[in-house]
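If you want the building blocks of each chain, they are given just below.
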Amino acid sequence: MSVRYHLSAYDRGRAVGRLEAGQSVTTVAAAMGLSKSVISRLKKAAEGGNALKKHAVGRGGNTTPLEDRYVSLMS
């Protein structure tokens, strides 16, 4: 079973700082004892990507023609 935990703000800052200093994802992951996927997600988030995106739960975003008509009448 894998161990899951959240990184502290300090550890996130250390990882992002190492990445910004030019170290590779593999090097940072080995130095901090984390998996490469965790560091890769931090790198994407630091670059402005939406790496920490949460998936929508529940009903989809599709609307019926009746709902579309209601929205157009209300606008």
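All values derive from a computational prediction rather than experimental measurement.

Caption draft 1: Local environment of the packing of helix α1 (residues 9–20) against helix α2 (residues 25–32). Direction vectors running N to C along α1 and α2 enclose 145°, while the axes themselves pass 9 Å from each other. At the point where α1 passes α2, the crossing takes the right-handed sense. Residues Asp 11, Arg 14, Ala 15, Arg 18 and Leu 19 of α1 lie in contact with α2, whose contacting residues are Val 25, Val 28, Ala 31 and Met 32. For the contact of α1 with α2, the residue count by class is 6 nonpolar, no polar and 3 charged.

Caption draft 2: Region of the structure containing α2. Of the positions making up α2, those classed as buried are Val 25, Val 28, Ala 29 and Met 32. Projected down its long axis, α2 shows its buried positions confined to an angular sector of 100°, all on one face. Those residues of α2 hidden inside the fold are in contact with α1 and α3 (36–46). Positive phi appears at Gly 33, one or two residues downstream of α2, with a value of about 75°.

Caption draft 3: Highlighting α1. An ideal rise of 1.5 Å per residue puts 16 Å on 12 residues; α1 measures up with 16 Å between its terminal C-alpha atoms. Looking at the buried residues of α1, the elements they touch are α2 and α3. Count one or two residues on from α1 and you reach Gly 22, which has phi positive near 105°.

Parameters and conventions
- One numbering rule holds for all chains: residues counted from 1, following each sequence as written.
- In view of the model being predicted, local features appear only for residues whose pLDDT reaches at least 70, and side-chain atom pairs are presented and counted only at 80 or more, with totals across whole chains, interfaces and linings using the full set of residues.
- Side-chain figures throughout are based on the complete set of non-hydrogen atoms in the structure, without hydrogens or water.
- Lines fitted to C-alpha atoms define the axes here, with helix axes fitted over just the stretch in contact, and angles between the N-to-C directions of these axes take values from 0 to 180 degrees.
- Helix and strand assignments follow DSSP, with helices taken as H or I runs no shorter than four residues and strands as E runs no shorter than two, numbered in order from the N terminus.
- Crossing handedness is read from the near helix: turned anticlockwise from the far helix by less than a right angle, it gives a left-handed crossing, and turned clockwise, a right-handed one.
- Whether two residues touch is decided by their heavy atoms; if any such pair falls within 4.5 Å, the residues are in contact.
- Polar here means any residue other than Ala, Val, Leu, Ile, Met, Phe, Trp, Tyr, Cys and Pro, which are nonpolar, and Asp, Glu, Lys and Arg, which are charged; Gly is therefore polar.
- Residue exposure (1.4 Å probe, protein chains only): buried if accessible area is under 20% of the type maximum, exposed if over 50%, otherwise partly exposed.
- Here the arc refers to the directions that run from the helix axis out to each C-beta atom.
- How far a helix is expected to stretch is found by multiplying one less than its residue total by 1.5 Å.

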